[in-house]
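Residue-level listing of the chains:
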Amino acid sequence: MLRCGSIRVDPTVPYGKRLDLTEAARQLTAADKKRITLPVFTYLIEHPKGLILVDTGWCRDISPDGVYDLKTASSVLPSRIAALFHPSVSKGMAIHEQLACMGIGPQDLDYVLLTHLDADHVSGLRHVHKAKHIVLLEYEYYWSCRTVYKTRQPRNLWIQYPMERPFYRGSSLGPNHWVIDLFGDESIQMVNVPGHTEGQAAIVIRNSGNVVLLAADAAFSPRNWKEMIVPGFGFAREWQMKSLRWIAEMAADPSCAAVLCSHDPDVTPDIIDI
Ligand SMILES: [Zn+2]
């Protein structure tokens, strides 16, 4: 688990009410003292078939001095997104900086899997675009520029990089029964968890009968699925609930070693061995 920066947001982003334009405007202009700081996690999977990075966190350019500055962040992001997230990434914590500390260059990555196209998950792509494969679900790509999601998914962060864009296929797994089985052996599956965005993928990792679920932004912490509190950062509340119910089922399975959310403040970066 690699923490690649922070967001500082209104508390209703992780635990909120139905998002409409009024609520979005309120989240955008919330005073700093009312905001909470949440991590931005990425994940490096050491798999027999290669190194797999899940998401890319904030890029260094957003926060060259390691702190949040609206003017600097707005040189990379639309200013409304910078104002919503208050993005920062401490020195040494951008994805390429952490990988370099482990002796891993971008070209050593076999796969970069993008769970969805929100800026906090893809802005670091500029640092790792030389990976052998970058995978984004076609469904996420298609709807990103055609729906409300385009307001928070600036295309200039990712459109120039060559990506493989597979279609989901039917499966017994997931709230929507749509899955990409990366190696065809169920060891790494990208599972559609709609609600936060249309095409968002959670990642299910299996080995030796054990499972780890990377829930991306379908939940912000276990509180979401334990108390059925729908995150206030999504436009399809019914789908968000359906995805939360599936995560709760997965978390209750005795074979589940961990369910990790990209912005869970109670998680400390660690190594999970399965
Ligand atoms: Zn996010």
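Description of the structure in this document. For clarity, every value in this text was computed on a predicted model and none was experimentally measured. (Residues numbered from 1 in each chain as written. Predicted model: local features only at pLDDT ≥ 70, side-chain atom pairs only at ≥ 80, totals over all residues. Heavy atoms only, no water.)

**As for the environment of Thr151**
Okay, so step 1: Looking at where Thr151 falls in the secondary structure, it is placed in the loop between helix H7 (138-144) and strand S6 (169-170).
Okay, so step 2: By relative accessible area, which is 39% here, Thr151 ends up partly exposed.
Okay, so step 3: If we ignore the near neighbours within four places in the chain, the residues touching Thr151 are Arg80 and Ile81. (Helix = DSSP H or I, 4+ residues; strand = E, 2+ residues; numbered from the N terminus. Buried < 20%, exposed > 50% of the residue type's maximum accessible area, 1.4 Å probe, protein only. Contact = heavy atoms within 4.5 Å.)

**Brief notes about the coordination of the zinc ion**
Octahedral six-donor coordination of a metal ideally yields angles of 90 or 180 degrees, compared with 109.5 degrees for tetrahedral four-donor coordination.
Okay, so step 1: Within the protein, Asp120 (OD), His121 (NE2), Asp217 (OD) and His263 (NE2) serve as the donor atoms for the zinc ion, at 2.1 Å.
Okay, so step 2: Geometry at the zinc ion is irregular, judged from the four donor atoms that bind it and their angles of 85 to 165° at the metal.
Okay, so step 3: Binding-site remark: the zinc ion is held by donors from one chain whose sequence spacing is D-H-x95-D-x45-H. Here Asp120, found in helix H5 (residues 119-122), pairs with His263, found in the segment after strand S11 (256-261); they are 143 residues apart in sequence, far enough to count as distant.
Okay, so step 4: By relative accessible area, which is 1% here, Asp120 ends up buried. (Donors = N, O, S within 2.8 Å, 3.2 Å for Na, K, Ca; no water. Tetrahedral: all angles 85-135°; square planar, octahedral: opposite > 155°, others 65-115°.)

**Thoughts on the packing of aromatic side chains**
Aromatic ring pairs are defined here through the distance separating the ring centres and the angle between the ring planes.
Okay, so step 1: By the definition in use, this model includes eight aromatic pairs.
Okay, so step 2: Geometrically, the ring pair formed by Phe41 and Tyr43 is stacked, given 6.4 Å between the ring centres and 25° between the ring planes.
Okay, so step 3: Note on Phe41: relative accessible area 1%, which makes it buried.
Okay, so step 4: Cluster of aromatic residues (ring-pair linked, three or more members): Tyr139, Tyr142, Trp143, Tyr168 and Trp178.
Okay, so step 5: Over the face of the ring belonging to Tyr141 we find Arg165, whose NZ or CZ atom lies 3.5 Å from the ring centre.
Okay, so step 6: Taking NZ or CZ as reference, Arg223 lies 4.3 Å from the ring centre of Tyr15, over its face. (Phe/Tyr/Trp six-rings, centres within 6.5 Å; stacked < 30°, edge-to-face > 60°. Lys NZ or Arg CZ within 6 Å of the ring centre and 35° of its normal.)

**Quick look at the sheet that holds strand S8 (residues 188-192)**
Okay, so step 1: Pairing within the open sheet is mixed, and its six strands lie in the order S6-S7-S8-S9-S10-S11. Both edges of this open sheet fall to S6 and S11, since each of them pairs with a single strand only.
Okay, so step 2: The pairing of strand S7 (residues 178-181) with S8 spans three bridges and is antiparallel. Among the inter-strand pairings, Val179 is bridged to a residue of S8, identified as Val191.
Okay, so step 3: Its contacts with the sheet place helix H9 (residues 237-252) against S8, strand S9 (201-207), strand S10 (210-216) and S11, and it is angled at close to 155° to S10. (Pairing = 2+ DSSP bridges. Axes fitted to C-alpha atoms, helices over the stretch in contact; angles between N-to-C directions.)

**Considerations on the pattern of salt bridges**
Okay, so step 1: Following the criterion strictly, the structure yields eight salt bridges and no others.
Okay, so step 2: A salt bridge links Asp61 to Arg126; its shortest N-O distance comes to 3.6 Å. Of this pair, Asp61 sits in the loop between strand S3 (50-54) and helix H2 (70-73) while Arg126 sits in helix H6 (residues 125-128), and the two are 65 residues apart along the sequence. (Salt bridge = Lys/Arg side-chain N within 4 Å of Asp/Glu carboxyl O.)

**Considering the side chain of Asn192**
Okay, so step 1: Relative to the helices and strands, Asn192 is located in strand S8.
Okay, so step 2: A distance of 3.3 Å separates a polar side-chain atom of Asn192 from the backbone oxygen of Glu198.
Okay, so step 3: Excluding residues within four positions of it along the chain, Asn192 makes contact with Tyr168, Pro175, Asn176, Trp178, Glu198, Gly199 and Gln200. (Polar contact = N/O pair within 3.5 Å; in protein donor to acceptor, adjacent residues only side chain to side chain.)

**A closer look at the side chain of His116**
Okay, so step 1: Examined against the element boundaries, His116 turns out to sit in the loop between strand S4 (111-114) and H5.
Okay, so step 2: Separated by 2.9 Å, the side chains of His116 and Thr115 make a polar contact.
Okay, so step 3: At 3.4 Å, the side chain of His116 forms a polar contact with the side chain of His196.
Okay, so step 4: The contacts of His116, once residues within four sequence positions are left out, are Asp55, His121, Val122, Glu140, His196, Thr197, Gln200 and Asp217.

**What about the pairing of S9?**
Okay, so step 1: Taking burial as the measure, the seven residues of S9 include five buried ones, the bulk of the element.
Okay, so step 2: Bridging between S8 and S9 involves five bridges; their strand directions are antiparallel. Paired with Met190 across the strands is Ile203, a residue of S9.
Okay, so step 3: Here S9 folds back onto S10 in antiparallel fashion, the turn holding two residues, of which Ser208 has a positive phi close to 50°.

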